[in-house]
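Chain residues, written in single-letter form:
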Amino acid sequence: MNSLEKPNIKAVFLDIDGTLISFKTNTIPESTHKAIQSLREKGIKVIVATGRSINSLDHIRHITFDGFITFNGSYCITTEGKVMYKKFIDSSDIKNLVQYAEDFPLSYSLMYEDKVEINDATPEVIGMYGHVNLPVPPVHDKENIDTDHVLQANIFLEKKDENTFMEKVMPNSSASRWSPLFADVNHGGTTKSTGIKHFCYYFGIAISETMSFGDGGNDIAMLKFTQIGVAMGNANDDVKEIADYITEDVDNHGIESALIHFGVL
């Protein structure tokens, strides 16, 4: 990375859970809210980059952003509602997943543009949605599953089983993980960095003018892609290892501190 100490940042990309929003309070710290306002007042674009659905952003709607990278890059939309990018998981992979779960114990959710469905409301599934302060989705009708328009799947399996599962069941997709309980699955090669490319092109911003913040495994591609990748103090170890800088955790003004450290604020 060049000129990390005096970057000319024109766009900041922010993960939500564990970065914007505290897992402890389920709220955005006031220092983060003020930092976002200050960035936008300086003309710096502030864009959300999350594994969440486009319809699961109520927790941040009180803050004005310049765009949203959702479903880990599979669905990107401007604040004005212009869909810039949309990429579905290969239908054959979803059919394989559904069949696999019929034969073996496996919980999953299927995330669409307008809904989320699960195959079974197990304690781990219920617990996961509680962890991110979201309602548990309805169980889908197994005879009437839309396999053509899935933007993201959540697969509840252990990390040690992930590679074998993906190669066998969903070979056209790729997995990332911010929780030990499950993996996010998207169309192969799609990551948050996919959305960053689209927003940079849209706003006429160079990658060398970007900065990102994250804490989970699904943030690694983003942090490596932007000019400056910042890991939150509460980030997973594998995220900290690849980051350009490790800031304080979400509850201790981590975003504001890093922006000040690099002279962006």
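My aim in this report is to walk through the structure given alongside it, one point at a time. (Residues numbered from 1 in each chain as written. Predicted model: local features only at pLDDT ≥ 70, side-chain atom pairs only at ≥ 80, totals over all residues. Heavy atoms only, no water.)

1. Side note on the sheet that holds strand β5 (residues 83-86)
Point 1. The 8 strands are arranged β5-β4-β3-β2-β1-β11-β12-β13 in an open sheet whose pairing can be described as mixed. With partners counted over all chains shown, the strands left at the sheet margins are β5 and β13 (245-246), one partner each.
Point 2. Sheet analysis places strand β3 (residues 67-70) next to strand β4 (residues 75-78), joined by 4 bridges and oriented antiparallel. Of the residues in β4, the one forming a bridge with Thr70 is Tyr75.
Point 3. Running over the sheet, helix α8 (residues 254-261) touches β1 (11-14), β11 (210-214), β12 (228-231) and β13 and is turned about 150° from β11. (Pairing = 2+ DSSP bridges. Helix = DSSP H or I, 4+ residues; strand = E, 2+ residues; numbered from the N terminus. Contact = heavy atoms within 4.5 Å. Axes fitted to C-alpha atoms, helices over the stretch in contact; angles between N-to-C directions.)

2. Examining the environment of Phe165
Point 1. Inspection of the secondary structure puts Phe165 in helix α4 (residues 159-169).
Point 2. Phe165 sits in the buried class, given a relative accessible area of 5%.
Point 3. Between the alpha carbons of Phe165 and Leu97 there is a distance of 9.5 Å; along the sequence they are 68 residues apart.
Point 4. In this structure Phe165 touches Leu97, Tyr100, Leu106, Ile155, Leu157 and Met170, once residues within four positions along its chain are discounted. (Buried < 20%, exposed > 50% of the residue type's maximum accessible area, 1.4 Å probe, protein only.)

3. Digging into the packing of helix α2 (residues 91-103) against α4
Point 1. Where α2 meets α4, the axes come as close as 9 Å, and the angle between the chain directions of the two elements is 115°. For the pair α2 and α4, the contacting residues are Asp93, Asn96, Leu97 and Tyr100 in the first and Phe165, Lys168 and Val169 in the second.
Point 2. Within the contact of α2 with α4, the residues separate by chemical class into 4 nonpolar, 1 polar and 2 charged. (Nonpolar A, V, L, I, M, F, W, Y, C, P; charged D, E, K, R; others polar.)

4. Side note on the pairing of strand β8 (residues 152-156)
Point 1. With respect to burial, β8 is a largely interior element, 5 of its 5 residues being buried.
Point 2. Pairing of strand β6 (residues 107-111) with β8 involves 5 bridges; the strand directions are antiparallel. Within β8, the position partnered with Leu110 by the bridge is Ala153.
Point 3. For β8 and strand β10 (residues 183-187), the ladder comprises 3 bridges, and the chain directions are antiparallel. Each residue of the ladder has a partner; that of Ala153, found in β10, is Val185.

Remember that the coordinates give geometry; whether it matters functionally is a separate question.
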